[in-house]
Structures are given as structure tokens and as C-alpha cells.
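Residue-level structural notes
If you want the building blocks of each chain, they are given just below.
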There are 2 protein chains.
Amino acid sequence: MEYRKIKDQDKDEESAGNLEISRGKPNSAVLGGLSGGSPQWKRKSMVTLALTILTSSQAILIVWSKRAGKYEYSVTTANFLVETLKCALSLLALAKIWRTEGVTEDNRLNTTVDEVIVYPIPAALYLVKNLLQYYIFAYVDAPGYQILKNLNIISTGVLYRIILKKRLSDIEWAAFILLCAGCTTAQLTSNSDHVLQTPLYGWVMAIVMALLSGFAGVYTEAIIKKRPQRNINVQNFYLYVFGMIFNAIAIVIQDFDEVANKGFFHGYSSVTVVMIVNHALSGIAVSMVMKYADNIVKVYSTSVAMLLTAIVSVFLFGFHLSLAFFLGATVVSVSVYLQKVGKPQR
Amino acid sequence: MEYRKIKDQDKDEESAGNLEISRGKPNSAVLGGLSGGSPQWKRKSMVTLALTILTSSQAILIVWSKRAGKYEYSVTTANFLVETLKCALSLLALAKIWRTEGVTEDNRLNTTVDEVIVYPIPAALYLVKNLLQYYIFAYVDAPGYQILKNLNIISTGVLYRIILKKRLSDIEWAAFILLCAGCTTAQLTSNSDHVLQTPLYGWVMAIVMALLSGFAGVYTEAIIKKRPQRNINVQNFYLYVFGMIFNAIAIVIQDFDEVANKGFFHGYSSVTVVMIVNHALSGIAVSMVMKYADNIVKVYSTSVAMLLTAIVSVFLFGFHLSLAFFLGATVVSVSVYLQKVGKPQR
């Protein structure tokens, strides 16, 4: 088990109700309620950029930690600490807001059953997905799994359409298919063809996992956007509290013996700590993108991050970029362009 | 030297003036002058389908002939015979038209210097390109050359824009880039990365060859469309006569000793004959596409043919399709879709 695991979980840690939200249109209540009313596009760009950079550095840290040697820590404990840190950071941000703006209806922690009842759902979905992950490796190897994970792009698009009831234009759908094909192409290696030998059962599991992950992401967006006036840090706090609870359950299910025998922090190093901090910040950036942009922006942001990672790795680790990478990067770039021009007037 | 060579030459055997033609709009003069005035789109679809099928079977014949053994015939003599056959077929078609419709201003062979002066240019460009082809293999291996040949797609688009002064919409340009990336992706093999080590001189030659090939194609379209009322068989006759002349020059330059010592038909077999017939018919189909459609349709048609070939080869030769092929085919399909929806109103 490696750091890669916590990456899978965090990247999409969000989702909730079943409501229509006008994508791309500024919400004056939200804008008014947060840090000085800067234009909505500026905030949207900032959180998107933060997510892209954090996701890129995440992958680079994974490579770095691998090079530094294998770490035999429990992934579930690291995931739990990521949730705890996110929770603590949300509380810190809230404390600062309470000091400067005072406690209001929108930023107080007090809540109702009606508000909080949906928050455990994304965390529960990720728990199921992470448990399934242990079984899919019986059918697919790790590089094959990386390739199959690109199905998340399609599942997010489909569920975004269904759950949030947003229309995507034909050009946007074309762009989404290209994003999936381009990302997969960029990741092709000489062994990638193995994935075509995946048995039917493996495909079904990969599709179920993509749907779980996509559903959790879209559901988090619905939860967060259902109450646009609610402070994002309060919303995050509740998301992360349930994240902590469900990751505690995961520790018990998957790593109870190991933690009981070797201790909670066995195998931790300074790299582990840096990665936990990075994952926590990425997780918060994902929430912010859900609040001020949407899942479509998130998918594009993390896909572009994947390409940036590869380019940075050339300089940091002397990686060689393959022809497939250049072709995939070209297709992803065209996809980003089409997504931009294909947006219907909303 | 193999059959692959004559494929290179024929596929783009066409080109002309410097005039504006309304792409996609039916020309009543052309329609009236030929086989009963069926709607323009029907004829356009038919010639496009013919080109796609002939190009696919061309590539399949290449595989078949390779399996049957190596043929040590002179490629230049085969090219010469292809031109001769095309010339003969054009004359046959004309003879039939003269019998049924009588000799008219539009279908008589009589010509003026002003009309005929431009016809040698495409053939001359192909001669230069084919001679260059011998040198590029000093810098690139054969599979690498197949990959670099996809630059033809981009060069055709750029020259189509410049020479024929046609506007392509932004979506159409995006589709063109995707077509190039998709075709290259579909052709990726485990050795494809070698092409990235191509020295600068090899890249320059590949780009020059792509420009020559694209220019010849676009120039042929300009020649053919400059006189829309002129019978296509007359136009073909003059194109192919100069094709014969320039291929005769190629025999002298490249294979004079071999032909003098072993004879003109040395190494020919029944497969060679089938391939020459196929190439001749493909060449005529390309001319028809230039007359009734355009270079953009031609590029799409031959690219789709490449994918069809691979699929048919699975059944005929037990080929395995790679993941890269599926990804490339997906990107090409999206490109075809975008090209269709992205067409500006002309």
C-alpha cells in the first residue's frame, strides 16, 4: 500500500441534494458573504489554480516518496489524519471569521438534522469505493487501474447531468470524451494493452467504482450548493467530520491488527507528513472548486494537473515524455478549448 | 521497396489555379453535365465512400502481399503502370460519353495552352516528394515515417486555407488537429517513441514532404474546380498523362539499371497486378472527390479508411487491436463529428 491510495480518496472528496444550480452565474449572496466581494470569476480562477497546483505536487510527492524508499505505514491512518487536519483547518478559518465578522446565521456551527443528514453520504460512498479497491486488484494490475480510473471523467459528466440536472452542450460532451481519451493516451505505456484482457468482472468493478466516485463528487457539489449562503468552512467541517468517522471505520476494518501491534504511526516519515498536509490542502481546494465552480472544472483541473506533473517530472526526475504523452496532451488541450467555446449560454 | 510506396504517391495524386470555390454548394453546371443530374450530396457521398473502400482495400492488399512474400519489382515501373491505367480508363469513360452525348465543348480532348499549363505541376511535385522519400529513410525508420506522414493532415488544412482561400471555422481547425493526433495515436506501437529521436534535419524533410504532398493535393483541387463545367475525365486524362511522363522520368532516375538488366516487369506477380488496378481506381476516386467534394473530405475519408483497415485486418489476418488504436479511433470519431457540426454556413 502506498501514498497513491490516499490520493484516490481525497481528489474527489465532495457532493448532495437534488437541485438546480445555475452553473457559471455569480451568486451575489455567496459573493457578498465572503472575503470582500471580489468578482466571482477571480475566486473561481484562484481555487481552480490552487487545485491544479496542489494536485500536481501531490503526484510529484508520490514519485518522490517512492524514490526515497517504500513506506510501510497504514494508508487508512494517513487518510484519517488527512480528514482530521482538514477539519482542524476549517475550524481555524471559522474562528478567524467569527473574530472579524462575528457569529452569524450563515457561519455558526449550530445546525439542524435536515442540514446535516446528507453530509455522511459522500464519506460513506468513498469508504465503499476504497474497500472495493482492494478487490479490483485481483483482476487488474496497478497501471491498468490507473488507466481504468479515467472512466471517472465520463461518470462524473453523466452524473453531473443526471443529478444536478445541468445540460451539457454537444460540444461539451465531445470535449468530455476527448478529455477521457486524451488523459488515457497520455498515460499509455508499452504494457497498457494488458488492460484490454481485463475480465468482465473487472470491468464491472471499475465501472461501479467510477460511478461511486463520480456520484460522491457530484453529490458533494449538490450539498454545498444547496445552501449557497452557508459559509464554506462550516460545510467543510461537517463533510470532514464524517470523513474522520468513516476513515476510523476503515482503520478498524482494514488495518486493526497492524495498528494494534505496531502502533498508529508505524512507518511514518517526514515525507508522510508533507504528503498528509498536501492532501489536506488539495481536499480543501476541491471543496472550494465545488462551491465556486463545479465538478466539470474539477475534472479538467485535475486532468491538466496530471499533464503538468509529467512535464515537471522531466526536470525533477529526468523522466522521458513519450510520443503518446504529447498526443494525449494535444487532445486534452483541444478538449479544454472546446469546453470553453462549447459552453451554452446559461 | 514495397507496394507501400505506390500507396504514398497515389493517395494524394491531385491539385491548380488560385481561385475561390464555394465548398459544399452544388454547382448546377457540373451537376447538369454529368450522369443524369442526381443530387450533389448523393454523388459526393458515393465518391467519398468509393475512396474510403478503395483506400482500405489498398492497405489490406499491402498486408496480403507482404504475407505472400517479398516482391522485388521496381516501384517506379508500378507507379508508371498505375498512371497509364488511369489514363486508359479516363479515355474509355470519355469514349462512352462521346457515344451517348456527342462531343461537346466540355468533354472534347482539344485544349488550350492556358488550360493545360497547370497540369504538370502536381505530377512534378509528387516526383520531387518521391525522390525526397529515398533520403528521409536515412533519418527515420519506416514505422516512424508512417507516423510523420500524419503531418500531411495539418499541411493539407493549412494549404487548403491559404491556396483555396477557404475559411475553416475554429471548431473545424480543432477537428483537424484531433484528426492528426487521433490517427497518430491509432498507429502507436511500442517502438513509436523512436520518432522523437528524429534529428532536426529529418523533421525538416518530413515537414517539406508534408507540404509538397499537401500542396499537390490542394493544387489539384484548384485545377479541377477552376473549370467546373469541364468533364472530369478530360481533366483526369491530362493529370494522368503528366503523371505518366514524370513517372517515366522517375524510372530513369531511380531504376534505370534494374529495368535495363532484369526487364520492365521483373518481380511482378498476380498480386502486383491486383494492386496496380486498385491504386488506379483509388487515384480516380481521389480525383472525383476533388471535383465533387474537397481536400478536407479526402483527408477524412483516407483517415477513416485507415481505421477500417485495422478493423478488417482483425478478421482477415487475426490482428490484435491495441488500446492506443481504440483511443485513436475515439478521437478520430469525435473529430469527424466536430467537422460536421463545426462547418460554418457558407
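What you see is a predicted model, and the numbers here were worked out from it, not measured in a lab.

Calculation criteria
- Residues numbered from 1 in each chain as written.
- Chains lettered and ligands numbered in written order.
- Predicted model: local features only at pLDDT ≥ 70, side-chain atom pairs only at ≥ 80, totals over all residues.
- Heavy atoms only, no water.
- Least-squares fit on C-alpha atoms with pLDDT ≥ 70 in both.
- Contact = heavy atoms within 4.5 Å.
- Core = buried A, V, L, I, M, F, W, Y, C linked by side-chain atoms within 4.5 Å.
- Buried < 20%, exposed > 50% of the residue type's maximum accessible area, 1.4 Å probe, protein only.
- Helix = DSSP H or I, 4+ residues; strand = E, 2+ residues; numbered from the N terminus.
- Expected span 1.5 Å × (residues − 1).
- Polar contact = N/O pair within 3.5 Å; in protein donor to acceptor, adjacent residues only side chain to side chain.
- UniProt positions renumbered as here; feature names shortened; annotations may be inferred.
- Axes fitted to C-alpha atoms, helices over the stretch in contact; angles between N-to-C directions.
- Parallel < 35°, antiparallel > 145°, perpendicular 65-115°, else oblique.
- Left-handed = near helix turned anticlockwise from the far one by under 90°.
- Phe/Tyr/Trp six-rings, centres within 6.5 Å; stacked < 30°, edge-to-face > 60°.
- Lys NZ or Arg CZ within 6 Å of the ring centre and 35° of its normal.
- Buried area = accessible area lost by both parts, 1.4 Å probe.
- Salt bridge = Lys/Arg side-chain N within 4 Å of Asp/Glu carboxyl O.
- Nonpolar A, V, L, I, M, F, W, Y, C, P; charged D, E, K, R; others polar.
- Patch = residues over 30% accessible without salt bridge, like charges linked within 9 Å, V, L, I, M, F, W, Y side chains within 5 Å.
- Areas by Shrake-Rupley, 256 points an atom, 1.4 Å probe, with all protein chains shown as cover.

With an RMSD of 0.0 Å, the fit of chain B onto chain A corresponds to turning through 180 degrees and sliding 0.0 Å along the axis. Each copy turns onto its partner about a two-fold axis. Considering only C-alpha atoms, the part of chain B nearest the rotation axis is Ser-190 of chain B, at 2.7 Å. Interface residue correspondence from chain B to chain A reaches 100%, placing this contact among same-surface, isologous pairings.

Attention now moves to the nonpolar core. The biggest cluster of nonpolar side chains holds 84 residues, and the ones touching the most others in it are Leu-178, Leu-188 and Leu-338 of chain A together with Leu-178, Leu-188 and Leu-338 of chain B. Once residues within four sequence positions are removed from consideration, Leu-188 of chain B is found in contact with Leu-188, Leu-323, Ala-324 and Leu-327 of chain A together with Ile-147, Ser-322 and Ala-324 of chain B.

Turning our eyes to something else, we now look at helix 13 (residues 295-317) of chain B. End to end, helix 13 of chain B covers 31 Å across 23 residues, agreeing with the expected 33 Å (1.5 Å per residue, within 8%). With a side-chain oxygen positioned 3.0 Å from the backbone nitrogen of Ile-296 of chain B, the residue opening helix 13 of chain B is Asp-294 of chain B.

This part is about the environment of Gln-40 of chain B. All names here are of chain B. The topology assignment puts Gln-40 in helix 3 (residues 40-68). By relative accessible area, which is 15% here, Gln-40 ends up buried. It is 9.2 Å that separates the C-alpha atoms of Gln-40 and Ala-293, two residues lying 253 residues apart in sequence.

All names here are of chain A. Using the residue numbers shown here, the UniProt feature "transmembrane region" (unreviewed entry) corresponds to residues 171-188, 200-224, 236-253, 265-287, 299-317 and 323-339. Helix makes up 100% of residues 236-253 and strand 0%, and the two end C-alpha atoms of the span are 25 Å apart. Between the end C-alpha atoms of residues 299-317 there is a gap of 26 Å, over a span that is 100% helix and 0% strand.

Residue and element names in this part refer to chain A. Their axes nearest at 10 Å, the elements helix 10 (residues 200-226) and helix 11 (residues 232-262) cross at an angle of 140 degrees. Classified by the angle between their axes, helix 10 and helix 11 sit oblique to one another. Helix-helix and strand crossings are classified by hand; for helix 10 and helix 11 the assignment is right-handed. Where helix 10 approaches helix 11, its residues Thr-220, Ile-223 and Ile-224 are matched on the opposing element by Ile-232, Gln-235 and Leu-239.

The next subject is the packing of aromatic side chains. This model, assessed by the stated rule, comprises 23 aromatic pairs over all chains. Ring plane angle 65 degrees and centroid distance 5.0 Å describe the contact between Phe-264 of chain A and Phe-265 of chain A, whose orientation is recorded as edge-to-face. Pairing Phe-265 of chain B with Tyr-268 of chain B gives two aromatic rings, centres 5.4 Å apart and planes at 80 degrees, and the pair type is edge-to-face. By the ring-pair criterion, three or more aromatic residues cluster together here, those being Phe-80, Phe-264, Phe-265 and Tyr-268 of chain A. Here the basic side chain of Arg-43 of chain A rests over the ring of Tyr-292 of chain A, its NZ or CZ set 4.7 Å away from the ring centre.

Moving on, we come to the interface of chain B and chain A. Facing the 27 residues of chain B at the interface are 27 residues of chain A. Considering only the surface of chain B that becomes buried against chain A, Leu-196, Leu-323 and Leu-327 of chain B emerge as the three largest contributors, covering 25% of it. For the pair chain B and chain A, the number of links is 0 salt bridges. The interface formed by chain B and chain A includes 2 residue pairs in polar contact (both at pLDDT 80 or more). Within the residue set of the side of chain B that touches chain A, elements represented by two or more residues are helix 9 (170-186) and helix 14 (323-341) of chain B. When residues of the side of chain B that touches chain A are assigned to their parent elements, the largest contribution, 10 residues, is made by helix 14 of chain B. In terms of residue class, the side of chain B that touches chain A is built from 19 nonpolar, 6 polar and 2 charged.

Residue and element names in this part refer to chain B. Note that Lys-262 resides in helix 11 (residues 232-262). For Lys-262, a relative accessible area of 53% translates into the label exposed. When the C-alpha atoms of Lys-262 and Tyr-73 are compared, they prove to be 9.6 Å apart, with 189 residues separating the residues in sequence.

With that out of the way, let us pick up a nonpolar patch on the surface. Residue and element names in this part refer to chain A. A surface patch of nonpolar side chains, about 290 Å² in accessible area, is lined by Ile-154, Val-158, Ile-162 and Ile-177. Looking at the nonpolar patch, the element that brings in the most residues is helix 8 (residues 151-163), giving 3 residues. Structurally, the position occupied by Ile-154 is in helix 8. For Ile-154, a relative accessible area of 31% puts it in the partly exposed group.

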